[in-house]
Amino acid sequence: MIAEEAILGYLENHDEISDSGQFATDRGLDHNDVVNVIKSLHGFRYIDAQDIKKETLVLTEEGKKYAEKGSPEVQLFLAVPQEGSISKEELQKLLDPAVYKIGCSQAAKNKWVQMGNQISRKVQHVEDRVKDLLLQIQDGQELGKDDNNSLKARKLTALQTWKGYSVKRGPEYAPRRRRTATDLTREHLQGGDWRNIEFKEYNFSAKGATNCRIGVAINTSKCNHFHANCNTLYSRKRSFFVLHGNFIGQLILNSLSSLLAHMFILAIATITRSADQVKERIKNIFRLMNFEEMPTNRYVESSFWNFDALFQPQQHPARDSHDTFFLKAPATTKQLPEDYVEMVKRVHESGGYGSRGYGYEWKREEANKNLLRTHTTAISSRMLYALAQSFTPKKYFSIDRVFRNEAVDRTHLAEFHQIEGLVCDRGLTLGHLIGVLQDFFSRLGMDKLKFKPAYNPYTEPSMEIFSYHEGLKKWVEIGNSGMFRPEMLRPMGFSEDVNVIAWGLSLERPTMILYGINNIRDLFGHKVDLGLIKKNPLCLIGIK
Ligand SMILES: N[C@@H](Cc1ccccc1)C(=O)O
């Protein structure tokens, strides 16, 4: 709340927040909180936010050690007695091996010590300039070019990419968030404040449990006992009628005219059924192509299956909280297959199977973190691990919801559906992948496809898939694909001759292309365009 008030309040008198990081620091706010508020306000169009990226200089692990304990040359100098000398062996015992080695060469270069079998001081006093410089960097101060270069050459500093936003007032800007209501109550009507209240958008993604038909909700008004979403959908519908046609609203509210209520039930039921039908259509395409459906029954996944098993390094930007929703409770997973975890750790750290790995220290704590799965490839990694335990050729698919901490705009949502397909067999090639994709998309009515080389941590080669959008008159990226890397497959237990070709795409993008929709928010979330939905219920394809 504090961050939200600060941002909206500031924009009341200023045109722009040029740097969210500086804004947060000046007010003692946590930048992550500020970023989350920016994303949310941007989604509701209170503000317009533009990404900014900056390279900042930070200390490496080695740099941090010297900032605390002093540079190796000074540590070495101080270990040499003021008078007389010390033998190499003795000195070596006093210091950490790396400090000794670097200290010797730097102290000799600075002409501070006389090297030989015996080492002695050449000067009385030295200053730890390296430590001072490192502390200045930690303090956020700028250094001169020469100093920067020398610290960089010694690998004591490194550039880190920092992500933030610049922010301006958006089309729906207001100095405070408007009060929103889910239900239109008798009090609103009596007091007349229904005129000023903003009602929350319809939640078309709400779907009751199978024992809770919308009809039941409307006829009994008791659906909240079964499923809160149904109740919400019901009350939103009421609000809609009142706001969009006072007369009809009065009818429904006062007498609950059963005729109108039933017409509405029918309309909603048709829309929901059509959505399921279209999803079913895609499932059928997969089934006709002999693919089996993978179980998609979890939104919460561990970082391990979502990232580590896929050979995605632990420092990868997708794994930071600006991109991924991490869980607060339960924050970590309890169960991972220990032997396999060990193999994954090894391949990240030092490679194997012809790979050099990433050469960093892999941390179990990172892998244990729970998150909302960011792609359905997390499901594929679990399935493939199980398949590797007793291999037979398989074709799998899944269609379900995934989550990314994205700023919502015309082509991005924070929550969307992914379709994923994979084929696991001996001797597969990129040609097979292209063939399968062309077959799949042409069955969907999309023949205009283009492929572009891409990079994914888990596939090599990788290809982005583009399809032509007639409405936008341009090529739109609809998916991503590739051949899973040996670094992913071999630790699972697959033999060298087994390949996996795979692709993932959002359900919403092809839908936009097929139905000529220009703004993804017309489909889901933000402003649902009822006209569009009425005209073409099939466009609800992406909504459960
Ligand atoms: N997981 C990728 C899609 C993908 C799946 C399988 C192979 C390659 C890419 C994504 O989310 O964009």
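Structure: above.
Residues numbered from 1 in each chain as written. Predicted model: local features only at pLDDT ≥ 70, side-chain atom pairs only at ≥ 80, totals over all residues. Heavy atoms only, no water.

Enquirer: Describe the pattern of salt bridges, and please don't skip the residues or the numbers.
Expert: Overall, the coordinates contain 22 salt bridges when judged by the stated rule. The partner of R426 in a salt bridge is D497, with the nearest N and O atoms 3.1 Å apart. Separated by 71 residues along the polypeptide, R426 in strand β13 (residues 415–426) and D497 in the loop between α20 (486–492) and β17 (498–506) bring together distant segments of the chain. Here R443 makes a salt bridge to D439, at a shortest N to O gap of 2.8 Å. On the criterion of helical spacing, the pair formed by R443 and D439 is a turn pair, its members being 4 residues apart in helix α19 (residues 430–443). What makes R443 partly exposed here is its relative accessible area of 37%. (Salt bridge = Lys/Arg side-chain N within 4 Å of Asp/Glu carboxyl O. Helix = DSSP H or I, 4+ residues; strand = E, 2+ residues; numbered from the N terminus. Buried < 20%, exposed > 50% of the residue type's maximum accessible area, 1.4 Å probe, protein only.)

Enquirer: Describe the sheet that holds strand β16 (residues 474–484), naming the residues involved and giving the relevant values.
Expert: The strand order β9-β12-β13-β17-β16-β15-β14 describes an open sheet built from 7 strands, whose pairing is mixed. Taken across any chain shown, the strands that pair with only one partner, and hence form the sheet edges, are β9 (292–293) and β14 (449–456). Strands in contact with helix α18 (residues 377–389) are β12 (394–403), β13, β16 and β17; relative to β13, the strand with the most contacts, it is inclined by about 25°. The strands touched by α19 within the sheet are β13, β14, β15 (459–469), β16 and β17, with β17 carrying the most contacts at an inclination of about 35°. (Pairing = 2+ DSSP bridges. Contact = heavy atoms within 4.5 Å. Axes fitted to C-alpha atoms, helices over the stretch in contact; angles between N-to-C directions.)

Enquirer: Lay out the site of the ligand in plain terms, naming residues and giving numbers.
Expert: By nearness alone, 14 residues border the ligand, and H375, T377, R404, Q418 and Y458 come closest of all. A distance of 3.0 Å separates a nitrogen atom of the ligand from a polar side-chain atom of H375. Within the complex, 92% of the 330 Å² of free accessible area of the ligand lies under protein. Contributions of two or more residues to the shell around the ligand are made by β13, β16 and β17. Looking at the shell around the ligand residue by residue, the class counts come to 3 nonpolar, 9 polar and 2 charged. (Near = heavy atom within 4 Å. Polar contact = N/O pair within 3.5 Å; in protein donor to acceptor, adjacent residues only side chain to side chain. Areas by Shrake-Rupley, 256 points an atom, 1.4 Å probe, with all protein chains shown as cover. Nonpolar A, V, L, I, M, F, W, Y, C, P; charged D, E, K, R; others polar.)

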